[in-house]
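Overview (structure and organization)
Next come the chains, spelled out residue by residue.
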Amino acid sequence: MSGRDVILGRIRRALGPHGAPGAPEQAPEHAVDRRYLREHGSRTTERMVDLLAENLADYRAIVHRTDAEELPYLIMRLLAARGPQYVLVPPGLPPEWMSAADPTRVHDRAASTSHELDRVESVVTGCAVAIAETGTLVLDGSPDQGRRRITLVPDHHICVVRVPDQVVSSVPQALERLDPTRPLTWISGPSATSDIELDRVEGVHGPRTLEVVLLGGS
């Protein structure tokens, strides 16, 4: 049977139980097995977090590990190394995260224009979920993450991931945690693109530098 016959047979079956008028009966196709793997292999929680860190680094994100006590000082050092004058802060970011940092804070407002956001060098957010197998961070616009645009315009993004609570192994597991009606932003490393010469350029569609803080002990 040719590919054309297969396609026409499917069209006939879609038209109704007997297909198109005068069409010969077609043998039913076998049901597609959709019992997909939910994750590739089994791993401990510690190994899952390690895999996330490895894949984030492979995407050229800068990975840090810390606990709640040291987090404010780590964020202070990361911002100080960049030397920003303005840091964008979502409305629901835990205040203790920024308690040691002193740059001028710009709050996420609907009235902010793209030109105003462009003057902000850094942004600090949380995340909704992190996927170990793909090294992906997902933001859903929750209060500790803010609007989608605040993580796309500034050149430097610090994203805090609570481990192991916010880490899953695979994309199917992440989708079960996410609300599809929310504005989801999927981040796999800093923004990058390549032209026909395969010259990599970073920072075209989002931040040039992505720093991920794996916050343990939460």
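Use the structure listed above.
Conventions adopted
- Residues numbered from 1 in each chain as written.
- Predicted model: local features only at pLDDT ≥ 70, side-chain atom pairs only at ≥ 80, totals over all residues.
- Heavy atoms only, no water.
- Core = buried A, V, L, I, M, F, W, Y, C linked by side-chain atoms within 4.5 Å.
- Buried < 20%, exposed > 50% of the residue type's maximum accessible area, 1.4 Å probe, protein only.
- Helix = DSSP H or I, 4+ residues; strand = E, 2+ residues; numbered from the N terminus.
- Pairing = 2+ DSSP bridges.
- Axes fitted to C-alpha atoms, helices over the stretch in contact; angles between N-to-C directions.
- Salt bridge = Lys/Arg side-chain N within 4 Å of Asp/Glu carboxyl O.
- Patch = residues over 30% accessible without salt bridge, like charges linked within 9 Å, V, L, I, M, F, W, Y side chains within 5 Å.
- Areas by Shrake-Rupley, 256 points an atom, 1.4 Å probe, with all protein chains shown as cover.
- Expected span 1.5 Å × (residues − 1).
- Arc of directions from axis to C-beta.
- Contact = heavy atoms within 4.5 Å.

Some remarks on the nonpolar core
One finds Leu52, Leu137, Val161, Val167, Val212 and Leu214 to be the most contacted residues of the largest nonpolar core, which totals 20 residues. Listed by contribution, the elements that provide at least two residues to this core are helix H2 (45-58), strand S6 (136-139), strand S7 (156-162) and strand S12 (209-216). The next biggest cluster of nonpolar side chains, apart from the first, holds 16 residues, and it includes Leu79, Trp97, Met98 and Ala101.

Some thoughts on the sheet that holds strand S4 (residues 122-125)
Taken together, the six strands give an open sheet; going across it, the order is S1-S12-S7-S4-S2-S3, and neighbouring strands pair in parallel fashion. Of all the strands in the sheet, the pair left with one neighbour each is strand S1 (62-67) and strand S3 (104-107). Pairwise comparison of adjacent strand axes, ignoring direction, gives a mean angle of 25° for this sheet. Relative to S3, strand S2 (residues 86-89) runs parallel, the two being bridged by four bridges.

What about the pattern of salt bridges?
Within this structure, the stated rule accounts for eleven salt bridges. Here Asp50 makes a salt bridge to Arg65, at a shortest N to O gap of 2.9 Å. Here Asp50 is found in helix H2, whereas its partner Arg65 is found in strand S1, with 15 residues between them in sequence. Residue Arg147 pairs with Asp108 through a salt bridge whose shortest N-O separation is 3.2 Å. Taken as a pair, Arg147 in the loop between S6 and S7 and Asp108 in the loop between S3 and helix H4 (114-118) lie far apart in primary sequence, 39 residues in all. On the basis of relative accessible area, Asp108 is assigned to the buried category, the value being 14%.

Regarding the pairing of S2
Where S2 lies against S4, two bridges are found, and the strand directions are parallel. Within S4, the residue paired with Val87 across the bridge is Ser122.

A short note on a nonpolar patch on the surface
Where nonpolar side chains cluster on the molecular surface, the patch consists of Ile7, Ile11 and Leu15 and spans about 310 Å² of accessible area. Mapped onto the elements of the fold, Ile11 is located in helix H1 (residues 3-15). Classification of Ile11 by relative accessible area gives partly exposed; the value is 44%.

A closer look at the sheet that holds strand S5 (residues 129-131)
Taken together, four strands build an open sheet; the order of strands is S8-S5-S6-S9 and the sheet is mixed. The outermost strands of the open sheet, each flanked by one partner alone, are strand S8 (167-168) and strand S9 (185-187). Judged from the two bridges that link them, S5 and S8 form a sheet pairing that is parallel. Bridge pairing in S8 places Ala130 opposite Val167.

Quick look at helix H3 (residues 71-82)
Taking 1.5 Å of rise per residue, the twelve residues of H3 would be expected to cover 16 Å, and the 17 Å separating its terminal C-alpha atoms lies within 8% of that figure. Buried within H3 we find Leu71, Pro72, Leu74, Ile75, Leu78 and Leu79. Looking straight down H3, one finds its buried side chains confined to an arc of 165°; they lie on one side. Summarising the geometry of H3, the exposed residues directed more than 90 degrees from the buried face are Ala80 and Ala81. Where the residues of H3 are buried, they touch S1, S2, S4, S7 and S12. Just downstream of H3 lies Gly83, where phi reads positive at about 70°.

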